[in-house]
Number of protein chains: 4
Amino acid sequence: MRAVRLESIGSLTMRSVEKPVAGPGELLVRVTVAGVCGSDRHMYKGEYPTAIPVTLGHEFCGIVEAIGDTVTRFTGGELVTVDPNIACGTCRACTQARPNLCESLTAIGVTRDGGFAEYVAVPQAQAFVLPADLDPVHGAFSEPLACCIHAIDKAKIRPGDSVAILGGGVIGLLMVQLARLAGAGEIILITRQQSRRQTALRLGATHAFDPAGSDTIASVREVTKGGAAVVIECAGVSDTLQNGLKMARRGGTFVLFGVTPAGVEVPVLPFDLLVNEVDIRPAYLNPFTHSRAAAMVASGVLELDALVTKTIGLEEVAEVVGNAPLPGEIKVIVRP
Amino acid sequence: MRAVRLESIGSLTMRSVEKPVAGPGELLVRVTVAGVCGSDRHMYKGEYPTAIPVTLGHEFCGIVEAIGDTVTRFTGGELVTVDPNIACGTCRACTQARPNLCESLTAIGVTRDGGFAEYVAVPQAQAFVLPADLDPVHGAFSEPLACCIHAIDKAKIRPGDSVAILGGGVIGLLMVQLARLAGAGEIILITRQQSRRQTALRLGATHAFDPAGSDTIASVREVTKGGAAVVIECAGVSDTLQNGLKMARRGGTFVLFGVTPAGVEVPVLPFDLLVNEVDIRPAYLNPFTHSRAAAMVASGVLELDALVTKTIGLEEVAEVVGNAPLPGEIKVIVRP
Amino acid sequence: MRAVRLESIGSLTMRSVEKPVAGPGELLVRVTVAGVCGSDRHMYKGEYPTAIPVTLGHEFCGIVEAIGDTVTRFTGGELVTVDPNIACGTCRACTQARPNLCESLTAIGVTRDGGFAEYVAVPQAQAFVLPADLDPVHGAFSEPLACCIHAIDKAKIRPGDSVAILGGGVIGLLMVQLARLAGAGEIILITRQQSRRQTALRLGATHAFDPAGSDTIASVREVTKGGAAVVIECAGVSDTLQNGLKMARRGGTFVLFGVTPAGVEVPVLPFDLLVNEVDIRPAYLNPFTHSRAAAMVASGVLELDALVTKTIGLEEVAEVVGNAPLPGEIKVIVRP
Amino acid sequence: MRAVRLESIGSLTMRSVEKPVAGPGELLVRVTVAGVCGSDRHMYKGEYPTAIPVTLGHEFCGIVEAIGDTVTRFTGGELVTVDPNIACGTCRACTQARPNLCESLTAIGVTRDGGFAEYVAVPQAQAFVLPADLDPVHGAFSEPLACCIHAIDKAKIRPGDSVAILGGGVIGLLMVQLARLAGAGEIILITRQQSRRQTALRLGATHAFDPAGSDTIASVREVTKGGAAVVIECAGVSDTLQNGLKMARRGGTFVLFGVTPAGVEVPVLPFDLLVNEVDIRPAYLNPFTHSRAAAMVASGVLELDALVTKTIGLEEVAEVVGNAPLPGEIKVIVRP
Ligand SMILES: NC(=O)c1ccc[n+]([C@@H]2O[C@H](COP(=O)([O-])OP(=O)(O)OC[C@H]3O[C@@H](n4cnc5c(N)ncnc54)[C@H](OP(=O)(O)O)[C@@H]3O)[C@@H](O)[C@H]2O)c1
Ligand SMILES: NC(=O)c1ccc[n+]([C@@H]2O[C@H](COP(=O)([O-])OP(=O)(O)OC[C@H]3O[C@@H](n4cnc5c(N)ncnc54)[C@H](OP(=O)(O)O)[C@@H]3O)[C@@H](O)[C@H]2O)c1
Ligand SMILES: NC(=O)c1ccc[n+]([C@@H]2O[C@H](COP(=O)([O-])OP(=O)(O)OC[C@H]3O[C@@H](n4cnc5c(N)ncnc54)[C@H](OP(=O)(O)O)[C@@H]3O)[C@@H](O)[C@H]2O)c1
Ligand SMILES: NC(=O)c1ccc[n+]([C@@H]2O[C@H](COP(=O)([O-])OP(=O)(O)OC[C@H]3O[C@@H](n4cnc5c(N)ncnc54)[C@H](OP(=O)(O)O)[C@@H]3O)[C@@H](O)[C@H]2O)c1
Ligand SMILES: [Zn+2]
Ligand SMILES: [Zn+2]
Ligand SMILES: [Zn+2]
Ligand SMILES: [Zn+2]
């Protein structure tokens, strides 16, 4: 079968490889749709550790084609979304309900072969059934959505709260929708590209600001009469971190979600954090949220098609992942 | 009567002034014991805003000597501790249960006359009855203790958790005791002065480290097998902030309590915060905790005498507040 | 001026009385709209204690007509909604952030003169400004809404959760909307009157069941695939309590909101509560939620006109309050 | 080897059986100490479902004697405590962090062979290492302690809070100690046997009342000045449930822990629950708490020897389990 293999840092190629086999407790999934994620680019460049050589692709859904020994929850034929993050279940973090902090975390599409392929073998515990008639493109959003739901859990938005979101990539545009679903009052997206600001307004944002052309801190503080109750950082750059902290109202919450490169230092003002009692709550990965994400995708409450800007085949993945995102690009979908 | 007046920045003097009168809804309190706080020194130097001229002293207890019109909860003769922070009750913060973030906060001993005096008039709602036979020195600890209890609420220590505390002033030494009361397993105090480390070990700390003489981050991570579940910063300096963040275990909580000067920037590592999911929770002042502090002081579970290093009269307050704390000094008690 | 006075149990009459005066710290409010509440009927019948003789009416809004001494937050002319529940601010409950459990709670329209009158005097801290152009009928919903928001806080609905609501009065129909705003997936209203079920479906309920005509426990368990994540009891009768508990899924939450008469015993099954870990969380009154309710009403996200079934003058209040609600009645609005 | 087998309801016998073998992913544990639990008596009488025939014993610790295929976390020789409750990891409850509500829960000593035997085979994920030099009797307390820690998590005791505990069996006496470790102020145990009340006072209770000889509701309300902040029901009988609810203060929490027989109805007063806002929070089994229990046992902060009233061999287990507990009995320890 065909698979897109990361063979060394900077070398990603479509290859013909052996079709995998479902081992004990595993499912063989025929991938129908996979999503390209910013992390794939980081892995390509060696900025994120992988188990080279490996097939990339950690956001995907597909049809159960075969089941391994001892598999009882599946019979074959189901449409499934797969949680790529495999926690060990026995380390200190896992036994204290923090699987996202697992000391031996492995991941499909990172440390074992993933979904940029015709088939992938996955442990059955990682798979979640979707309605058979669901558009599999929607199913492929379960993984990033599960991470966002974890962030929303930490944000503790109350009906009527103001929410500012920095960064209008696929994550920011999912957060806009989740903030709306959580009953937020003002929902403000800050991102540079105009097309994304327009999309955000269609998806439920009440305001969208351009950080290049205006003083977004002042604008947010004005719209929210003193600062946002919740700020969600989804860009992972020093500017949005520093500005985002200044957008929070007294007593507000700053959710740290964007991945700033390791080692980058960002200055904060402890006095301001203290006297304003602004909590900083990081949200990392998807602990206990993949099944909720799958259910939410299945329910149809999210507008996902608007986030898909391109659809490609396996043969184009290396090109897309090997280059910076094009202007306007939000989510690139792969159909093997 | 005599009162210690801040007359201009850098000018603190004991004066003879009119004895105050209990206005409507107020109590006239004869101060039996007041405590000197680091904030008094900041006010003296103009680093913290005050309503000059004003009598300082915001940690105190005393006897109700007279009651104003409409006072119903007191008859006179009660030993009371006074919460100095007066919230307006009507601003957005106050009406959402965040009185410590009140937009019009005033404070006894800061913006109106305080307890470094023979008498002080206070609104009845700020006063809390203590047992008549309680040592009033203990009563005077209610105010800093109330702030610490708020921090402990935010720390959410679970029985058995490891707790690292940075800064061994009166605050750090109260936190050590509160951590013990909350069932913490390892309780580690980091402070430079040896006498304080020894006091901490007597008060319940299981370990005490000198930041000057050792790699305290490594020591904390070793003692706690990977980092403290809870870190409480009680020094307010850049070093303890940066080091404290590195002492937290994955999934841990960093409570920001020390007051770093306004405008000071401290670099943090967002990547580390994110992948370790370390929450930063500031705790500011004493929202809804003064009555609990009074009850805890009254119950006798805290060792407070060990924190008193000197007792002075009103005539010595200017000298003490006008100079840096002496080595070994923890809490200076004033008996008017 | 005219006021509707409860003069003894069972005796409610419109009278000509002195126009009240704004005392120190008080506002004189010209009532533009007041709402009739089920509690008014309980007061009329003596089932709920009042300070007879008293003007009833605890849900109202109006225009500030005059201000008393020391009032600083109002100048006159503002449209305000009034929180009728006055907490003492100094009892154990109040000093621990539980004003709804205040040991000396008093209430406008219950223990002091209320809003079924042309004018009412209220402490300024109870008043919250609304936009000048808001329909005052909407403003009059702030009080019941504030109670519902407290219940929703306790319900901790997560996006996608299923919610079952028992009782389709004004409270149940507000809860339907709040559940929708909190991102609930399935929202099921159980009530007997068909017109209310239809209204609920228009307001955001996904299902509406008649407890008379069907096995609602089974229906809820089917729709929610095993039970609702959150059940909110808004009828206050034994049946809805017992059935509601059986509608909760394992790990779910049952919010107790309806007021069952004092002394009525309802049997529960502790074994079932335990092995299913169903939390029972009562929500009583409106602690720290009136300002949020005012903001939500002002934002226009709620459909409130659909809840108004009749508008009357002061002269009809006694008749309406003195009789059981008519079929179809939801909220009766009074325009003095 | 010898094992105590439940062969049919009411028939428990020590038998000579095959020594088990560690299957893939399993450990073979040589049982050094097991504890008899009240549930064992319920299983014997058929009041709790089991997979007859089966070896009972779900509280135990022992030495790893052999490891099965794919076991990596153990090498043999470790002292381990075993969490008997095996969650499936894939059902709705498990994937939402509620393994104690697992839809396919199985348990060692209940649905597969347990620890009343010389050897037992257990999945490695259920085993937690204890210090080699720990008294294994203490290790055998990990299981009931883990359940109690879950209850304490739900109780949310704050330093200084009053706690009332009903039922002075092994559970109640562990709760007394956990309440002390959580910084509770008054700790009141209510139980009938005098010897247990005395033990409780030695273990940290501040008061111990006899429900037979006094009005315990009045006593608790007096000691706590209005009701306990937290009430923990550990007897599982109608009386303690009804009385316990009346011991909670306004705004307090009632933790439901005792197992009342299935089908038993207990009347509650919804009006009182509502206007007092008393939360009812059931705590069932040990989700994510076994490792914390093991750490706590290892730390030595608990007094466990005082809870052991008898030590027997395997040959006496049937006799002990087949009969009601003797007066004074707290925990019977089995040494195979
Ligand atoms: N915590 C987790 O578990 C988790 C999971 C998944 C992803 N992430 C992280 O979440 C972040 C967002 O992911 P994504 O897939 O949406 O990536 P993305 O497309 O790279 O989105 C980030 C967007 O932020 C905007 N941005 C950049 N600089 C900005 C600035 N100075 N001010 C305002 N906006 C700025 C850019 O949009 P414009 O060009 O429009 O400005 C950019 O596209 C990434 O850092 C990703 O690594 C975290
Ligand atoms: N958040 C609030 O509501 C609140 C309320 C009250 C007080 N505070 C703040 O809490 C902090 C502590 O108050 P305090 O009264 O205890 O004051 P303090 O006596 O000034 O205590 C701070 C102590 O920290 C230690 N320290 C200084 N530099 C250190 C370093 N690099 N590493 C380790 N320890 C260091 C010093 O002790 P050694 O000489 O032994 O190192 C110093 O005495 C202050 O910043 C105060 O403003 C906050
Ligand atoms: N906790 C608080 O702070 C608070 C505040 C305000 C109000 N409340 C209470 O909340 C409850 C609702 O208030 P409301 O103003 O909406 O009163 P309401 O109009 O009396 O609403 C209750 C509705 O429940 C329905 N109901 C009665 N028996 C039922 C049954 N067996 N099954 C299903 N539905 C049944 C009735 O509607 P159908 O005729 O359609 O069945 C009834 O109209 C009342 O108990 C009120 O006292 C509590
Ligand atoms: N939720 C969970 O996950 C979980 C886990 C383990 C155990 N449990 C349950 O927790 C409860 C306690 O367990 P245990 O092992 O300690 O059992 P236990 O020895 O049966 O303890 C219960 C004790 O309650 C006391 N009691 C009985 N009636 C009483 C009354 N009317 N008033 C006051 N005290 C009364 C008895 O002591 P006196 O003779 O001294 O009165 C009795 O020994 C049991 O119901 C058990 O099933 C629950
Ligand atoms: Zn792990
Ligand atoms: Zn205020
Ligand atoms: Zn009160
Ligand atoms: Zn399960």
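Residues numbered from 1 in each chain as written. Chains lettered and ligands numbered in written order. Predicted model: local features only at pLDDT ≥ 70, side-chain atom pairs only at ≥ 80, totals over all residues. Heavy atoms only, no water.

S.K.: What exactly am I supposed to notice about the overall build of chain A here?
M.R.: When helices and strands are tallied, chain A shows 10 helices and 19 strands. Its C-alpha atoms give chain A principal-axis dimensions of roughly 60 × 40 × 40 Å. Evaluated residue by residue, chain A yields a buried proportion of 60% over its 336 residues. Residue pairs at least 24 apart in sequence account for 69% of intrachain contacts in chain A once pairs closer than 6 positions are excluded. Surface exposure of chain A reaches about 12000 Å², of which carbon and sulfur atoms provide 51%. The positive charge centre, built from 29 side chains, and the negative charge centre, built from 34, are 5 Å apart in chain A. (Helix = DSSP H or I, 4+ residues; strand = E, 2+ residues; numbered from the N terminus. Buried < 20%, exposed > 50% of the residue type's maximum accessible area, 1.4 Å probe, protein only. Contact = heavy atoms within 4.5 Å. Areas by Shrake-Rupley, 256 points an atom, 1.4 Å probe, with all protein chains shown as cover. Lys, Arg positive; Asp, Glu negative; His and termini not counted. Charge placed at Lys NZ, Arg CZ, Asp CG, Glu CD.)

S.K.: How should the interface of chain C and chain D be read in this particular structure?
M.R.: Accessible area lost when the parts come together is the quantity often used to give the size of an interface. Taken together, the contact between chain C and chain D spans 45 residues of the former and 45 residues of the latter. When chain C packs against chain D, close to 3700 Å² is buried across both sides, 56% of that on carbon and sulfur atoms. The shortest N-O distance in the salt bridge between Asp279(D) and Lys154(C) comes to 3.1 Å. The interface formed by chain C and chain D holds 21 residue pairs in polar contact (both at pLDDT 80 or more) in total. Contributions of two or more residues to the side of chain C that touches chain D are made by helix 3 (142-155), helix 7 (238-247), strand 15 (248-256), strand 16 (266-268), helix 8 (270-276) and strand 17 (279-282) of chain C. The dominant element in the side of chain C that touches chain D, judged by the number of residues it contributes, is helix 8 of chain C, at 6 residues. Class assignment of the residues belonging to the side of chain C that touches chain D gives a composition of 23 nonpolar, 11 polar and 11 charged. (Buried area = accessible area lost by both parts, 1.4 Å probe. Salt bridge = Lys/Arg side-chain N within 4 Å of Asp/Glu carboxyl O. Polar contact = N/O pair within 3.5 Å; in protein donor to acceptor, adjacent residues only side chain to side chain. Nonpolar A, V, L, I, M, F, W, Y, C, P; charged D, E, K, R; others polar.)

S.K.: Would you mind going over the pairing of strand 19 (residues 331-334) of chain D with me for this structure?
M.R.: Regular strands have side chains that alternate between both faces of the sheet. All names here are of chain D. Of the two faces of strand 19, the one carrying Lys-331 and Ile-333 and the one carrying Val-332 and Val-334 are both buried. Alignment of strand 3 (residues 26-35) against strand 19, held across 2 bridges, turns out to be antiparallel. In the sheet register, Ala-34 faces strand 19, and the bridge partner there is Val-334. By the bridge criterion, 4 bridges tie strand 18 (residues 308-312) to strand 19 in an arrangement that is parallel. The residue bridging Lys-310 from the neighbouring strand is Val-332, located in strand 19. In the classification by handedness, the crossover that spans strand 18, the intervening helix 10 (residues 314-321) and the parallel strand 19 is right-handed. (Pairing = 2+ DSSP bridges. Right-handed = clockwise from strand over helix to strand, strands pointing away.)

S.K.: I tried to follow the UniProt feature "domain: Enoyl reductase (ER)" (unreviewed entry) in chain A on my own but got confused; where do I start?
M.R.: Per the UniProt record, "domain: Enoyl reductase (ER)" (unreviewed entry) is found at residues 7-334 of chain A. The distance from the first to the last C-alpha atom of residues 7-334 of chain A is 20 Å, and the span holds 27% helix and 27% strand. (UniProt positions renumbered as here; feature names shortened; annotations may be inferred.)

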